[in-house]
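The residues making up each chain are set out below.
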Amino acid sequence: MATEPALQLADISEPALATFWPPAPLWWGLALVVFLLLVWVVRHLMRRRHKQLALRQARQEWAQLSPLQSAELNQLLKRLVKHYQPTHPALSAALPQWQQLLQSLHTEPLPDLQHLLYQGAPAEQQQQKFYHWAGALLRQLNVQQLEALCSN
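Keep in mind that this is a model prediction, so the values were computed, not measured.

How each quantity is defined
- Residues numbered from 1 in each chain as written.
- Predicted model: local features only at pLDDT ≥ 70, side-chain atom pairs only at ≥ 80, totals over all residues.
- Heavy atoms only, no water.
- Core = buried A, V, L, I, M, F, W, Y, C linked by side-chain atoms within 4.5 Å.
- Buried < 20%, exposed > 50% of the residue type's maximum accessible area, 1.4 Å probe, protein only.
- Helix = DSSP H or I, 4+ residues; strand = E, 2+ residues; numbered from the N terminus.
- Phe/Tyr/Trp six-rings, centres within 6.5 Å; stacked < 30°, edge-to-face > 60°.
- Lys NZ or Arg CZ within 6 Å of the ring centre and 35° of its normal.

Once that is clear, we can look at the nonpolar core. If you look at the biggest cluster of nonpolar residues, it comprises 32 residues, and the most contacted ones within it are Leu77, Leu80, Trp98 and Leu113. Of all the secondary structure elements, the ones that give two or more residues to this core are α2 (53-64), α3 (70-84), α4 (95-105), α5 (113-118), α6 (124-140) and α7 (143-147).

In structure tokens, the structure reads:
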């Protein structure tokens, strides 16, 4: 009996695994939408933070002022209003109109600014009352209220 030659088996070659790269066009579109949404959210948050910068700085300046610095405190409030509403008529009006504008922003009664700003030595109690009134105003005030001043 003749011996048959041994079978020579070839190595089994498996096909390469299919990966998810490159993604299908729909995935590229979804990634683009997510990226654009992320950019929009970051831009919106940055703009909002930038709009609130003047109010944050006013709060910090208020904390550095002494309760006896009524004139500087009044200037701080005017700068804040001027930042958000540069053409507001109360900025260049007489003191009663300015006081009326400030009073419209906060519910607590405002001390008489005429007495505080233009008297030789105003009472320390009135100055402290104005200081605490301004602090309460700055804490409760928001950008939307300041931007809506012209409608009042």
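Structure's up, so let's keep going.
Here we take up the packing of aromatic side chains. Taken as a whole, this structure holds two aromatic pairs when the rule is applied. With 4.7 Å between their ring centres and 20° between their planes, tryptophan 62 and tyrosine 131 make a pair best called stacked. Taken together, the positions of tryptophan 62 in helix α2 and tyrosine 131 in helix α6 put the pair 69 residues apart, joining distant regions of the chain. Since its relative accessible area comes to 15%, tryptophan 62 is described here as buried. The class of tyrosine 131 is buried, set by a relative accessible area of 9%. Consider the rings of phenylalanine 130 and tryptophan 133, whose centres lie 6.4 Å apart with planes at 15°: the pair is stacked. Here phenylalanine 130 pairs with tryptophan 133, and both are found in helix α6, just three residues apart, close to one helical turn. Of the residues examined, phenylalanine 130 reaches a relative accessible area of 0% and is grouped as buried. It is lysine 78 that lies over the ring of tryptophan 98; its NZ or CZ is 5.2 Å from the centre.

So far we have only geometry, and geometry alone does not tell us how the molecule works.
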